[in-house]
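A structural walkthrough
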Amino acid sequence: MKALYQETTEGPEAVRVAEVETPTPKAGEVRVAIKAASVNHREMWIARGLYPGMSLPTTMGCDGAGVVDMLGEGVSGPSVGDEVVIYPGLDWGNNRHAPQAEFGLLGMPHGGTIAEYVCVPAESLAPKPAFMTFEEAAATVLTGLTAWRALMFKGQLKEGETLLISGIGGGVATFGLAFAVALGAKVYVTGESEDVLARAKEMGALGGLLYTDPEWRKQVGKLTGGVDVVLDGAPAPSFANYVRAINPGARIVIYGSTAGDKFEITATGIFLKSASIVGSQVGDPQDFRDMLAFVEKHQIKPVIERSFPLAEAKEALLYLESSHKFGKVVVTI
């Protein structure tokens, strides 16, 4: 089969679409003929070797939607021909608050979805939302799941609360906006340009600030009236700018470190507000089911910025790195 294949850590330029062995499902597994996948910043970090537990070579990608085409021994439930989306991880464990050490995602260390076929445990499948295309379903998996867990499980966002999303435009932030608006929260965002802020307002954001403005910290409190929950994937440059605007009992949810690993925390700014700083990563199978149910109920679709065929999957990754502005980049198969 054809797949986006990584053998080195020399960067996105070194990955390639290659012919690799077509997998066969083991006992308890199913094989899915992938119809669409998507690329995430995770693939860029992996391409450069900047991800824990690197294991190469690998087929890339953890987002996938397709059609069941083969069943392994002992599988009950899924049937050949079912249209499905795939939970992106394996071996989360029984603790809803954090994954066990054995947890890993598809696309490294496990075989990935930017390929013609992938084999996964039968319990990793969920029905594809009927109102979505395969491309839309694939684009919902990792970023939708990450946003859902961060906001609803870790952040405990409630209807009527005020949410600040840092760095709107990325997949997680964009889904966070859609989920929060559907929930009935009051959402404000920061972004890199007026065009990006305008897109966010079209999706329901009540206002936005340019994070390129060095003085944006002075405007957060006035704009929002105080923040109950923060969704932040790049706290290094942003934390100090919004922390003074948080309300008592606020939850700051950090789901990434895109702009650097370290930032300064003033203890009094947290304990005097009885605030929490919470880490969040991906989501467990229950989060996946809850997210899909919410998406179905509210008919939420991802924003797809651009689509590439599998033969141009490398170009999709390079586009994400150099030109991406708002939404998801998809690979069709």
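The text that follows walks through the structure, step by step, so that each part is easy to find. Model, not experiment: these values are computed from the prediction.

With that out of the way, let us pick up the packing of aromatic side chains. Enumeration over the complete set of coordinates arrives at nine aromatic pairs. Seen from their ring centres, phenylalanine 175 and phenylalanine 179 are 5.5 Å apart, and the 35 degrees between their planes marks the pair as tilted. With phenylalanine 175 and phenylalanine 179 both in helix H4 (residues 171–183) and four residues apart, this pair spans about one turn of that helix. Overall, phenylalanine 179 belongs to the buried group, its relative accessible area being 0%. With a centroid separation of 5.8 Å and 55 degrees between ring planes, the pair formed by phenylalanine 308 and tyrosine 319 is classed as tilted.

Read from one edge to the other, the open sheet built from six strands follows the order E13-E12-E11-E14-E15-E16, with strand pairing classed as parallel. Looking at the sheet topology across the chains shown, the edges are occupied by strand E13 (207–210) and strand E16 (276–279). The sheet shows a mean angle of 20 degrees between the axes of neighbouring strands, taken without regard to direction. Inspection of the sheet shows strand E12 (residues 186–191) paired to E13 by four bridges, in the parallel sense. When the bridges of E13 are listed, threonine 190 appears paired with leucine 209. Packing against the sheet, H4 makes contact with strand E11 (162–166), E12 and strand E14 (227–232), and its axis sits at approximately 165 degrees to E11. In this fold helix H7 (residues 235–242) packs onto E11, E14, strand E15 (246–254) and E16, with an angle of close to 170 degrees to the strand it touches most, E14.

Now for the sheet that holds strand E1 (residues 2–6). Pairing is antiparallel across the open sheet formed by three strands, whose spatial order is E2-E1-E4. Every interior strand has two partners, whereas the edge strands, strand E2 (16–19) and strand E4 (58–59), have only one.

Moving on to the nonpolar core. Core analysis: the largest hydrophobic core is formed by 68 residues, its most contacted members being Leu163, Ile165, Ile168, Phe179 and Phe288. Looking at this core element by element, the count peaks at eight residues for helix H3 (residues 141–154). Setting aside chain neighbours within four positions, we find isoleucine 165 in contact with Ala173, Gly176, Leu177, Val187, Tyr188, Val189, Thr190 and Leu231. Counting 19 residues, the second-largest nonpolar core is a separate cluster that includes Ala37, Met60, Ala316 and Leu317.

The rules behind these values
Residues numbered from 1 in each chain as written. Predicted model: local features only at pLDDT ≥ 70, side-chain atom pairs only at ≥ 80, totals over all residues. Heavy atoms only, no water. Phe/Tyr/Trp six-rings, centres within 6.5 Å; stacked < 30°, edge-to-face > 60°. Helix = DSSP H or I, 4+ residues; strand = E, 2+ residues; numbered from the N terminus. Buried < 20%, exposed > 50% of the residue type's maximum accessible area, 1.4 Å probe, protein only. Pairing = 2+ DSSP bridges. Axes fitted to C-alpha atoms, helices over the stretch in contact; angles between N-to-C directions. Contact = heavy atoms within 4.5 Å. Core = buried A, V, L, I, M, F, W, Y, C linked by side-chain atoms within 4.5 Å.

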